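Coordinate analysis (summary)
Residues per chain are reported as follows:
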Amino acid sequence: MNLANKITMSRILLIPLFMIAYMWDFAYNELVACAIFAVASLTDGVDGYVARNYNMVTDFGKFIDPLADKLLVATALICFVGSGEIAAYMAIVIIAREFIVTGLRTVAMSKGVVIAASMTGKIKTCVQIGAVICVFLLGKETYTFNLLGIDCSIGYIAMFVATLFTVYSGIEYLAKNKKLLEDH
């Protein structure tokens, strides 16, 4: 396993620490969880930089890197739904898209094709990460206002935008790779 893939695996290993910090009731636990989430998220850029600049791009890395992102974000979403920070539909839509794209990647791999993350997919990940951090820092108790008769926080709106962008990204992946789903 090369350095880039080890960095990616460290992101996966930080997920249980993030979850423990979020769920365990101690002073500033959410701030600690946010910091762990942010550090784990930063490894996404670092592993990509190392892989590209030191010729460490591998098929395993192309598979595990987006999976690590999905696991990290899905964990945060599930925690937020459990604590009432976001609506369940947001988590369901985002996680469903991730399952669909992962399934598409699995079909592609069975046909000898590796689908690397697209630019839209990378932006989607950044938007999701930014939204998760907004929920942490600007959640339901801070900066709440009424929007069309609904009490919303900036974190909630950020997650709604991330949900919309996630749907767009999923549709784009399916459209670009629809031939992989056709039986010949």
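The structure this text deals with has already been given above.
Everything numeric in this text was worked out from a predicted model, so none of it was measured. (Residues numbered from 1 in each chain as written. Predicted model: local features only at pLDDT ≥ 70, side-chain atom pairs only at ≥ 80, totals over all residues. Heavy atoms only, no water.)

Bringing the overall build of the chain into the picture now. A tally of helices and strands in the chain yields six helices and two strands. A compact globule built from 184 residues would reach a C-alpha radius of gyration of about 16 Å, and the chain, at 17 Å, matches this within 12%. By its C-alpha atoms, the chain is 50 × 35 × 25 Å across when sized along the principal axes. Within the chain, the proportion of its 184 residues that are buried is 43%. Of all intrachain contacts in the chain linking residues separated by at least 6 positions in sequence, the fraction that spans at least 24 positions is 75%. Here the chain has roughly 10,100 Å² of accessible surface; of this, 71% comes from carbon and sulfur atoms. (Helix = DSSP H or I, 4+ residues; strand = E, 2+ residues; numbered from the N terminus. Rg over C-alpha atoms; globule rule 2.2 N^0.38 Å. Buried < 20%, exposed > 50% of the residue type's maximum accessible area, 1.4 Å probe, protein only. Contact = heavy atoms within 4.5 Å. Areas by Shrake-Rupley, 256 points an atom, 1.4 Å probe, with all protein chains shown as cover.)

What follows covers helix 3 (residues 59–83). Counted at 1.5 Å a residue, the expected span for helix 3 with its 25 residues is 36 Å, and the 37 Å between its end C-alpha atoms agrees. Just downstream of helix 3, G84 is the residue with a positive phi angle, here 80 degrees. (Expected span 1.5 Å × (residues − 1).)

A cluster of nonpolar side chains, namely Y28, L31, V32 and L137, defines an oily patch on the protein surface of about 430 Å² accessible area. Among the secondary structure elements, Y28 is positioned in the loop between helix 1 (3–23) and helix 2 (29–53). (Patch = residues over 30% accessible without salt bridge, like charges linked within 9 Å, V, L, I, M, F, W, Y side chains within 5 Å. Salt bridge = Lys/Arg side-chain N within 4 Å of Asp/Glu carboxyl O.)

Once that is clear, we can look at the packing of helix 2 against helix 3. Running from N to C, helix 2 and helix 3 point in directions that differ by 165 degrees, and their axes come no closer than 11 Å. The angle between helix 2 and helix 3 places the two elements in the roughly antiparallel class. Note that helix 2 runs across helix 3; the crossing there is left-handed. Where helix 2 abuts helix 3, its residues F37, A40, S41, D44 and D47 lie against D65, D69, L72 and A76. In terms of residue class, the contact of helix 2 with helix 3 is made up of four nonpolar, one polar and four charged. (Axes fitted to C-alpha atoms, helices over the stretch in contact; angles between N-to-C directions. Parallel < 35°, antiparallel > 145°, perpendicular 65-115°, else oblique. Left-handed = near helix turned anticlockwise from the far one by under 90°. Nonpolar A, V, L, I, M, F, W, Y, C, P; charged D, E, K, R; others polar.)

So, about the nonpolar core. One broad trend across soluble globular proteins is that nonpolar side chains are buried collectively. If you look at the biggest cluster of nonpolar residues, it comprises 29 residues, and the most contacted ones within it are F37, L77, F80, I86, F136 and M159. Secondary-structure elements contributing two or more residues to this core are helix 1, helix 2, helix 3, helix 4 (88–110), helix 5 (119–137) and helix 6 (154–176). Here this core gets seven residues from one element, more than from any other, and that element is helix 3. Among the nonpolar cores identified, the runner-up in size contains six residues, and V101, L104, A108 and L180 belong to it. (Core = buried A, V, L, I, M, F, W, Y, C linked by side-chain atoms within 4.5 Å.)

Even without glycine at this site, Y28 takes up a positive phi of about 65 degrees. Classification of Y28 by relative accessible area gives exposed; the value is 65%. A positive phi angle is found at N55, which is not glycine, with a value near 55 degrees. You can see N55 is positioned in the loop between helix 2 and helix 3.

Applying the stated rule across the entire model yields eight salt bridges. R11 is the partner of D65 in a salt bridge, and the nearest nitrogen-oxygen pair spans 2.5 Å. Placement of the pair is D65 in helix 3 and R11 in helix 1, with a sequence separation of 54 residues. R11 shares its class with D65; the two are buried. For the salt bridge of E98 with K70, the shortest nitrogen-to-oxygen distance reads 3.0 Å.

All right, on to the side chain of D44 then. Mapped onto the secondary structure, D44 falls in helix 2. For D44, a relative accessible area of 18% translates into the label buried. Ignoring any residue separated from it by four or fewer positions in sequence, one finds D44 in contact with R11, D65, D69 and T125.

A few words on the packing of aromatic side chains. Following the criterion strictly, the structure yields eight aromatic pairs and no others. Every member of this aromatic cluster is reached through a ring pair, and the members are F18, Y22, F37, F80 and F136. (Phe/Tyr/Trp six-rings, centres within 6.5 Å; stacked < 30°, edge-to-face > 60°.)

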